[in-house]
Amino acid sequence: MNTLTSFPFSSALAGLLVCSLGAGAFAKTDLKADGRSLVGGQYQRAVEDRFDDALPLRGTAIKAWNAINLAVFGQANTEVIIAQDDWLFTAEEFRAPAAQDDFEAELDTVLAALNARGIQLVPLIVPDKARVYSDKLAHERATPLETRHDRVQEMLATRGLPNANLLTYLDQGRQRADTFMRTDTHWSPRGAEIAARAVAVAINDHTVAPSPFETRGFPIEDFVGDLMPFIDAGAFASWVGQDIEQIERFETVSLGGAGGLLSEVSIPVALVGTSFSARDDFNFAGFLQQHTGLDLVNYATEGQGPFAPMRDFLASDALETSPPTIVVWEIPERYITLKELP
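## With respect to the pairing of strand E8 (residues 326-332)
Then, number 1: Counting buried positions along E8 yields seven of seven residues, so the element is predominantly enclosed.
Then, number 2: Side-chain alternation along E8 places Ile 326, Val 328, Glu 330 and Pro 332 on one buried face and Val 327, Trp 329 and Ile 331 on a second face that is also buried.
Then, number 3: The pairing of strand E3 (residues 120-126) with E8 spans seven bridges and is parallel. Its bridge partner being in E8, Pro 123 is matched across the sheet by Trp 329.
Then, number 4: Here strand E6 (residues 269-272) runs beside E8; their pairing, made up of four bridges, is parallel. Counted as the bridge partner of Ala 270 is Val 327 from E8.

## A closer look at the pattern of salt bridges
Side-chain pairs of opposite charge can arise whenever the charged atoms involved come near each other.
Then, number 1: All told, the structure shown has 22 salt bridges when counted by the stated rule.
Then, number 2: Residue Asp 85 pairs with Lys 136 through a salt bridge whose shortest N-O separation is 2.7 Å. Of this pair, Asp 85 sits in the loop between strand E1 (80-82) and strand E2 (88-90) while Lys 136 is found in the loop between helix H5 (129-132) and helix H6 (143-158), placing the two residues 51 residues apart along the sequence.
Then, number 3: Note that Arg 148 and Glu 333 form a salt bridge whose closest N and O atoms lie 3.1 Å from each other. Placement of the pair is Arg 148 in helix H6 and Glu 333 in the segment after E8, with a sequence separation of 185 residues.
Then, number 4: Under the relative-accessibility criterion, Glu 333 is labelled buried at 0%.
Then, number 5: One continuous salt-bridge network, built from bridges that share partners, spans Asp 128, Arg 131, Arg 141, Glu 146, Arg 148 and Glu 333.

## Concerning empty space enclosed by the protein
Then, number 1: One pass over the full model with this rule turns up one cavity of 30 Å³ or more.
Then, number 2: Its volume calculated, the largest cavity comes out at about 30 Å³.
Then, number 3: Taken together, Glu 93, Val 126, Pro 127, Asp 128, Lys 129, Phe 180, Thr 185, Phe 276, Pro 332 and Arg 334 form the lining of the largest cavity.

The rules behind these values
- Residues numbered from 1 in each chain as written.
- Predicted model: local features only at pLDDT ≥ 70, side-chain atom pairs only at ≥ 80, totals over all residues.
- Heavy atoms only, no water.
- Buried < 20%, exposed > 50% of the residue type's maximum accessible area, 1.4 Å probe, protein only.
- Helix = DSSP H or I, 4+ residues; strand = E, 2+ residues; numbered from the N terminus.
- Pairing = 2+ DSSP bridges.
- Salt bridge = Lys/Arg side-chain N within 4 Å of Asp/Glu carboxyl O.
- 1 Å grid on protein atoms, 1.4 Å probe; cavity = no way out; pocket = protein on both sides within 12 Å on 5 of 7 lines; lining within 4 Å.
- Points joined across faces, edges and corners; volume = space filled by probe spheres on them.

Shape is all these values report; function is a separate question.
Set out below in C-alpha cells:
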C-alpha cells in the first residue's frame, strides 16, 4: 500500500464518482420536516436515512471514499492507524482499555485459585504490536501506555511467577522474520513460535514426562488481516496500492510416545487466552506442544478478551475432574488496566 504519495489521477476519478453519486442522491432526497423537531437531531436523522436510501451504489461509494482518504490523508477509519511501510495498528493500542478490569486483582484471584490446587500459573503477556514495532510509528504513545509493560513485568516478578518476557524475544525475532502480521492485530506464526519457545524456557523445570510433537509447514497463501476491512477500498484498492498480505501455515501433530495424547488421561497443560491462542492461523497451541513436549487442552476463545475465558475456566468442571499441572494464561497487553501510580 502506497497511500502517502501524491494524489493519483485515479483517485480523483473516485472522488468525482462519490461527488456525482452524492449529488444525485441529495437531489432525490425529501427534505421536508414532516413534523419532526429540528431540536435533538430528529430531522437530521430522518434526512440521513432518506439520503442513504436514495444513494445509488452505496457500498461502491463508501469504498471509493475510503480510497480517497487513503490516497490523500493516509487514513480511512479511526479504528486503524496506518503507519510507515504500510503497517496497520489497531487504535485500541493507543488508548486505555474500554473494559476497566483491574489486572492486579484479576491476577491475584487466579493465582489464589490455582495455588490452592497446586497448579502452576504461567502468565504470558503479549506486548502491543505498537510496542514491538514502535519504529513504524510517527510518535510515541501516551506515557501510561508506554510504561504499562514494565509495570506488569514488575508485578509478575513480585509474585515469583515464571515470566516468559516476550518483548525481547519478539523484538529480536524481527531480524529473521516479522513477528506480527502487517495488516492484522495478531502475532505472525513465527511470532507465535517464538512465544511458545519462551514459555518452554519459563517452565523448563516441569516434571511431567515429555511428549513428542511435530510441526509441519504448508505453502504460503493469501491472508486478509483483521484490520483490512477498516481500509476497504474494494475495486479501488489497486489505485492506492492496497496489498494482500501472505501467511505461512503450520500444523502440529502428536507422534505418540510416553506422554502422548492416547497414553495420558490427565492433560498436563491448560492454555487459556484470546484469539492469539484460539486461531489456527497462528498455530500457537501447536507450537506450545512442540516446544514444551507437553499435551494441552486449549480453552482460549475469540472476542472475549483474556479475563472472561479465565473466569470460565476456573468455574469449569474440568478444573475439578482433570486438573492440569500448568496453566498458561495468554494476555494481550492492550487489555490490561493498571491502577494509576501515586
